[in-house]
Amino acid sequence: GYIYQAGAYTDTYFPNTTVNGMEVGGKTAGEVKEMIASEAALYRLCLSMRQGETAQIFGNEIGLLAEFDGSLEEILRQQDPYSWPLYLLRGPEYDIKALISYDEAQLAAARLSQSDPETAEAPADAVISEYEEGKGYSILPESEGARLNQERTLKAAEEAICGLLPELDLDQAGCYDAPAVRS
C-alpha cells in the first residue's frame, strides 16, 4: 500500500504532475526528457509576413536539440515521497526551461522569406508633392514596402525558436525595413 507507493515516488513524479503543460505523473526524469526532446524534434515555427506570405522553419532543418540543466532531477529531489496522497486530485505544475540548441549557420541559411531581399519592395519615405496650381503642395504618404531586415529577422527567429513558440509575425516583431520619414 501506502509505503510501497511512497517508494515508487523516490524516482518518479507525483500523480497529476505537469511539466511544461505535459502530464508526467508516474514518469522518471529520463522519460520526461525523452518527451520534451521528441517535442523539440517535431518543432515547427510558422512565420507570417506582409502581403499574406508565410514560411516555416522545421526543427530538424536547423539541428534543434533540447538540453537539460538538472531542474527535472531537482523536482524529484525536493518531493517528499510520503506526501503522495496529497496529489491524487491535483498535482503540482512546473514550467522548466529546456535549453534549446540549434545550428546557427543552418538557421542563417534557412530561407525565411520567399521574396529576394534584392527585389523586395523597399520602403519609401513620405514626400512633399510638386506644386499644383490651385491646390498648392500636399504630402504624399510613405510606403511600408516588403523588405525584411535580415539581422532583425534572424534575431526574432532565434528568440522564437529558443522559446519553442509555434508562430512569429515578422511585422509585429519589427523585422521590416521602415521608411525614415512618415506623413
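Residues numbered from 1 in each chain as written. Predicted model: local features only at pLDDT ≥ 70, side-chain atom pairs only at ≥ 80, totals over all residues. Heavy atoms only, no water.

(A) Region of interest: the environment of I139. Tracing the backbone shows I139 in strand 9 (residues 139-140). Judged by its relative accessible area of 57%, I139 is exposed. Sequence spacing of I139 and Y94 is 45 residues, and the spatial spacing of their C-alpha atoms is 55 Å. Excluding residues within four positions of it along the chain, I139 makes contact with A126, V127 and S183. (Helix = DSSP H or I, 4+ residues; strand = E, 2+ residues; numbered from the N terminus. Buried < 20%, exposed > 50% of the residue type's maximum accessible area, 1.4 Å probe, protein only. Contact = heavy atoms within 4.5 Å.)

(B) Region of interest: the packing of aromatic side chains. Enumeration over the complete set of coordinates arrives at six aromatic pairs. Each member of the aromatic cluster is reached from another via a ring pair, and the members are Y2, Y9, F14, Y82, W84 and Y87. The aromatic ring of Y176 is capped on one face by R50, whose charged end is 4.1 Å from the ring centroid. (Phe/Tyr/Trp six-rings, centres within 6.5 Å; stacked < 30°, edge-to-face > 60°. Lys NZ or Arg CZ within 6 Å of the ring centre and 35° of its normal.)

(C) Spatial organisation of the state of the cysteines. One pass over the structure, following the stated rule, counts zero disulfides. The closest cysteine sulfur to the non-disulfide-bonded C46 is located on C175, 15 Å from its own sulfur. We note that C162 lacks a disulfide partner, and the nearest cysteine sulfur, in C175, lies 15 Å from it. The class of C162 is partly exposed, set by a relative accessible area of 41%. (Disulfide = S-S within 2.5 Å.)

(D) View of the sheet that holds strand 6 (residues 93-94). Spatially, 2-1-6 is the arrangement adopted by the three strands of the open sheet, whose pairing is mixed. Across the chains shown, the open sheet's two edge strands, defined by having one partner strand only, are strand 2 (22-23) and strand 6. The pairing of strand 1 (residues 18-19) with strand 2 spans two bridges and is antiparallel. Across the sheet, T18 pairs through a bridge with E23, a residue of strand 2. (Pairing = 2+ DSSP bridges.)

(E) Up close: the sheet that holds strand 10 (residues 167-169). With mixed pairing, the three strands of this open sheet are ordered in space as 4-3-10. Each edge of the open sheet is held by one strand with a lone partner, namely strand 4 (54-58) and strand 10. The mean angle between the axes of side-by-side strands here comes to 20°, regardless of whether they run parallel or antiparallel. (Axes fitted to C-alpha atoms, helices over the stretch in contact; angles between N-to-C directions.)

(F) Layout of the pattern of salt bridges. Enumeration over the complete set of coordinates arrives at ten salt bridges. With a closest N to O distance of 3.0 Å, E74 and R77 form a salt bridge. Taken together, the residues E74 and R77, both in helix 3 (residues 71-78) and three residues apart, mark about one turn of the helix. Residue classification places R77 among the exposed positions, given a relative accessible area of 58%. Its salt-bridge partner being D177, residue R147 comes within 2.9 Å of it at the nearest N-O pair. Of the two residues, R147 is situated in the loop between strand 9 and helix 5 (150-162) and D177 in the segment after strand 10; the sequence distance between them amounts to 30 residues. (Salt bridge = Lys/Arg side-chain N within 4 Å of Asp/Glu carboxyl O.)

(G) Spatial organisation of the pairing of strand 4. Burial along strand 4 is one-sided: the residues A55 and I57 are buried and none of T54, Q56 and F58 is. Two strands pair when backbone bridges link them, and strand 3 (residues 44-48) and strand 4 are joined in this way by five bridges, in the antiparallel orientation. Its bridge partner lying in strand 4, S48 is registered against T54. Between strand 3 and strand 4, which pair antiparallel in sequence order, lie five residues; one of them, Q51, sits at a positive phi of approximately 65°.

(H) Seen up close, the nonpolar core. Core analysis: the biggest nonpolar cluster contains 33 residues, and Y13, L45, L47, L64, I161 and L170 have the highest contact counts within it. Those elements giving two or more residues to this core turn out to be helix 2 (29-41), strand 3, strand 4, helix 3 and helix 5. Looking at this core element by element, the count peaks at four residues for helix 2. Apart from the residues within four sequence positions on either side, I161 is in contact with Y43, L45, I62, L64, I100, Y102 and L107. (Core = buried A, V, L, I, M, F, W, Y, C linked by side-chain atoms within 4.5 Å.)

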